[in-house]
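The lines below spell out each chain.
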Amino acid sequence: MGNTTSSAMSKEILEDLKLSTKFSETEISQWYENFQKQCPTGRITPEEFEQIYSRFFPDSDAKTYARHVFRSFDTNDDGTLDFKEYIIALHMTSTGKTTRKLEWAFSLFDVDKNGYINKTEVTEICQAIFKLIPKEEQSKLPEDENTPEKRANKLWAYFEKKDNGRLAEGEFIKGVTENENAMRLIHYEPIAE
C-alpha cells in the first residue's frame, strides 16, 4: 500500500466501512469524494467540525456541543477526524440501531473517557445541548427542564444514582431505553411547528 495516494481510498478501508456501516460502496465512494473536496488534507480539525456543525444549528450556539461530539468521534485521540472516523460517526448518529446510537451517546457524555458517567459530566453535556435550543424554544420547555441544571437533574434522576454516583455504559443504555423522557433529554430535536 506504499504507493496509495491520499486522494484514493484503500480497498481495506472501503471493505471495513461496508461491513461496519452497511453503506453501499457507491455511497461510501460519494462520501469520500465530498470529504476530499471539503477536507483536502484528509482530516477534519475541531474548528472545521464546529463550522460544519454550526450550519445545522444556525440559530444556536453549537460550538460547545460540536466540541463534545468531535471528541466522541475522535476514537484514536489524535485531535482530528479522518474519513473512517467521520463515516462511522455519521452511520452511528443517522442510520445506526438504537443501541449503537446510545453507545455513541454514552461516549458523548463520558467527557473524561474513563468508562463511566457522573452527574458533573451529565450537567456539562446538558449545558452544551441547551445552547443548541433557540431562545424562543427554551421558553416553551417544561418547568423542570427549562435550564441546563434542571435538565441534568431530571435526566440523572432516571438512573436512580446519588449525586456522587457513577454510571456504566450498560446502566446508561438500560436507563435510557426504559424511559422515553430520558431518551428525549439526551439530545435536542427542534419543536415541530
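Going by the structure above, here's the rest.
Residues numbered from 1 in each chain as written. Predicted model: local features only at pLDDT ≥ 70, side-chain atom pairs only at ≥ 80, totals over all residues. Heavy atoms only, no water.

(A) Structural detail: the side chain of His68. Among the structural elements, His68 can be located in helix H4 (residues 63-73). On the accessibility criterion, His68 (7% relative accessible area) is buried. (Helix = DSSP H or I, 4+ residues; strand = E, 2+ residues; numbered from the N terminus. Buried < 20%, exposed > 50% of the residue type's maximum accessible area, 1.4 Å probe, protein only.)

(B) Broad picture of the packing of aromatic side chains. Within the structure shown, the criterion is met by 16 aromatic pairs. When the ring of Phe35 is compared with that of Phe83, the centres are 5.4 Å apart and the planes differ by 65 degrees; the resulting orientation is edge-to-face. Placement of the pair is Phe35 in helix H2 (residues 25-38) and Phe83 in helix H5 (residues 83-94), with a sequence separation of 48 residues. Neither Phe35 nor Phe83 differs from the other in exposure class; each is buried. Ring centres 6.2 Å apart and planes at 45 degrees place the aromatic pair Phe57 and Tyr188 in the tilted group. Highlighted residues: Phe57 in the loop between helix H3 (46-56) and H4 and Tyr188 in the segment after helix H11 (180-185), separated in sequence by 131 residues. Here the two residues Phe57 and Tyr188 agree in accessibility, since each one is buried. Members of the aromatic cluster, connected to one another through ring pairs, are Phe49, Tyr53, Phe56, Phe57, Tyr65, Phe70, Phe73, Trp104 and Tyr188. Sitting over the face of the ring of Tyr116, Arg166 holds its NZ or CZ atom 3.5 Å from the ring centroid. (Phe/Tyr/Trp six-rings, centres within 6.5 Å; stacked < 30°, edge-to-face > 60°. Lys NZ or Arg CZ within 6 Å of the ring centre and 35° of its normal.)

(C) Just the pattern of salt bridges, in detail. Evaluation of the coordinates by the stated rule reveals 16 salt bridges. A salt bridge links Glu25 to Lys18; its shortest N-O distance comes to 3.2 Å. We classify Lys18 as partly exposed; its relative accessible area is 26%. The partner of Arg184 in a salt bridge is Glu145, with the nearest N and O atoms 2.6 Å apart. Remark: Glu145 occurs in the loop between helix H8 (135-138) and helix H9 (148-158) and Arg184 occurs in helix H11; sequence separation between them is 39 residues. Residue classification places Arg184 among the partly exposed residues on the basis of a relative accessible area of 34%. Overall, Glu145 belongs to the buried group, its relative accessible area being 0%. Within the structure, one salt-bridge network assembled from shared partners comprises Lys11, Glu15, Lys18 and Glu25. (Salt bridge = Lys/Arg side-chain N within 4 Å of Asp/Glu carboxyl O.)

(D) The arrangement of the environment of Tyr65 in detail. Within the secondary structure, Tyr65 sits in helix H4. Separated by 85 residues in the primary sequence, Tyr65 and Lys150 place their C-alpha atoms 18 Å from one another.

(E) Region of interest: the environment of Pro40. Structurally, Pro40 is set in the loop between H2 and strand E1 (43-44). As for Pro40 and Tyr65, which are separated by 25 residues in sequence, their C-alpha atoms are 25 Å apart.

(F) Structural context of the packing of helix H6 (residues 98-109) against helix H10 (residues 169-177). Interaxial distance between H6 and H10 falls to 10 Å at its minimum, and their mutual angle equals 120 degrees. Judged by the angle between their axes, H6 and H10 are oblique. Note that H6 runs across H10; the crossing there is right-handed. Facing H6, whose interface residues are Thr99, Leu102, Glu103, Ala105, Phe106 and Phe109, H10 presents Glu169, Phe172, Ile173, Val176 and Thr177. Among the residues making up the contact of H6 with H10, the classes are represented as 7 nonpolar, 2 polar and 2 charged. (Axes fitted to C-alpha atoms, helices over the stretch in contact; angles between N-to-C directions. Parallel < 35°, antiparallel > 145°, perpendicular 65-115°, else oblique. Left-handed = near helix turned anticlockwise from the far one by under 90°. Contact = heavy atoms within 4.5 Å. Nonpolar A, V, L, I, M, F, W, Y, C, P; charged D, E, K, R; others polar.)

(G) Looking closely at the nonpolar core. Counting 53 residues, the largest nonpolar core has Phe49, Tyr65, Phe109, Leu155 and Phe172 as its most contacted members. The biggest single contributor to this core is helix H7 (residues 119-132), with 7 residues. Sequence-distant contacts of Phe172, defined by excluding residues within four places in its chain, comprise Leu102, Ala105, Phe106, Phe109, Ile117, Phe159, Leu167 and Ile186. (Core = buried A, V, L, I, M, F, W, Y, C linked by side-chain atoms within 4.5 Å.)

(H) Region of the structure containing H10. When H10 is considered as a whole, its buried residues turn out to be Phe172, Ile173, Gly175 and Val176. The arc enclosing the buried residues of H10, seen along the axis, measures out at 165 degrees, which places them on a common side. Seen from the buried face of H10, the exposed residues on the opposite side, beyond 90 degrees, are Gly170 and Lys174. Where H10 is buried, its residues touch H6, strand E3 (116-118), strand E4 (166-168) and H11. (Arc of directions from axis to C-beta.)

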